[in-house]
Amino acid sequence: TTSAKLARHLKQAGQLPVLVAADLNRPAAIQQLQTLGKQIEVEVYEDGTSKPTPKVAKDGVKRAAKLNAMWAIVDTAGRFQIDDELMSELEEVKAAVNPVETLLVVDAMTGQDAVQSAEAFHRELELTGLILTKLDGDARGGAVVSLKAVTGCPVLFVGTGEKIEDLEAFHPDRMAGRILGMGDV
């Protein structure tokens, strides 16, 4: 969902994105991305689940280049814990596509667990940015300070709901007010 939200944001900014369905682990992930792509009128490259994830990612980036897209958003499987096999897969995807940006989507509801995960992902993948999701619930976003401290990466966007339009640019001053219980000031 966050990949599609990001694609929508880029499209609205006049930058042509292509979504690459490289989450081959979760049942119906490809169909979900296709459905979201149709909603926002963004092409989704998919090649089933029989090829290795790095190959699908590389072919998707090639397709985006043929379409003169400014961005190929490679949507990989979510990871709720550090798993050596899945981490190796991500390293292979990164080597295959040589990305300009490597973003980690972090669930604000997981608090300090998210910080440990982000630190491990950054150590292995050299992240360039973070997207903090689920800020529409009870989470106040206190982990954002720790996330920045352990990765050195900027938080680029925040997800504020489940709808496709619920992605906003990150504003540190607003987050500070939220963390301090002052609301979005």
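It should be noted that the structure appears before, not after, this text.
Just so we're clear, the structure is a prediction, and the values are computed from it rather than from any experiment.

Here we look at the environment of E126
Part 1 of the argument: Within the secondary structure layout, E126 lies in the loop between α5 (112–125) and β5 (129–133).
Part 2 of the argument: When its relative accessible area of 58% is taken as the criterion, E126 is described as exposed.
Part 3 of the argument: With 25 residues separating them along the chain, E126 and E101 place their C-alpha atoms 9.6 Å apart.

Points about the packing of α5 against helix α6 (residues 143–151)
Part 1 of the argument: Two elements in contact, α5 and α6, have axes whose closest approach is 9 Å; the angle formed by their N-to-C orientations is 20°. Classified by the angle their axes make, α5 and α6 are roughly parallel. Of the two elements, α5 crosses α6, and the hand of that crossing is right-handed. Counting all contacts with α5, which are made through Q112, A114, V115, A118, E119 and H122, the residues of α6 involved are A143, S146, L147, V150 and T151.
Part 2 of the argument: Partitioned by chemical class, the residues of the contact of α5 with α6 number six nonpolar, four polar and one charged.

Here's the deal with the pairing of strand β6 (residues 155–159)
Part 1 of the argument: The buried fraction of β6 amounts to four of the five residues, a majority that puts the element mostly inside the structure.
Part 2 of the argument: Here β6 pairs with strand β7 (residues 167–169) via three bridges, running antiparallel. Bridging from a neighbouring strand, F157 pairs with A169 of β7.

Comments concerning the packing of helix α4 (residues 84–97) against α5
Part 1 of the argument: Orientation of α4 relative to α5, taken along the N-to-C sense of each, is 45°, at an axis distance of 10 Å. On the basis of their axis angle, the class for α4 and α5 is oblique. Crossing geometry of α4 relative to α5 is assigned as right-handed. Seen from α4, the contacting residues are M87, L90, E91 and K94; seen from α5, they are A120, F121, E124 and L125.
Part 2 of the argument: A per-class count over the contact of α4 with α5 returns five nonpolar, no polar and three charged.

Structural notes on the sheet that holds β7
Part 1 of the argument: Read across the open sheet, the four strands follow the order β4-β5-β6-β7; overall the sheet is mixed. Both edges of this open sheet fall to β4 (103–107) and β7, since each of them pairs with a single strand only. Between one strand and the next, the sheet's axes are offset by a mean angle of 25°, whatever the strand orientation.
Part 2 of the argument: As defined by bridge partners, β4 adjoins β5 across five bridges and the pair is classed as parallel. In the strand pairing of β5, D107 is matched with T133.
Part 3 of the argument: Relative to β5, α6 is tilted by about 160°, and along the sheet it contacts β4, β5 and β6.

The rules behind the values
Residues numbered from 1 in each chain as written. Predicted model: local features only at pLDDT ≥ 70, side-chain atom pairs only at ≥ 80, totals over all residues. Heavy atoms only, no water. Helix = DSSP H or I, 4+ residues; strand = E, 2+ residues; numbered from the N terminus. Buried < 20%, exposed > 50% of the residue type's maximum accessible area, 1.4 Å probe, protein only. Axes fitted to C-alpha atoms, helices over the stretch in contact; angles between N-to-C directions. Parallel < 35°, antiparallel > 145°, perpendicular 65-115°, else oblique. Left-handed = near helix turned anticlockwise from the far one by under 90°. Contact = heavy atoms within 4.5 Å. Nonpolar A, V, L, I, M, F, W, Y, C, P; charged D, E, K, R; others polar. Pairing = 2+ DSSP bridges.

In short, geometric facts, not functional conclusions.
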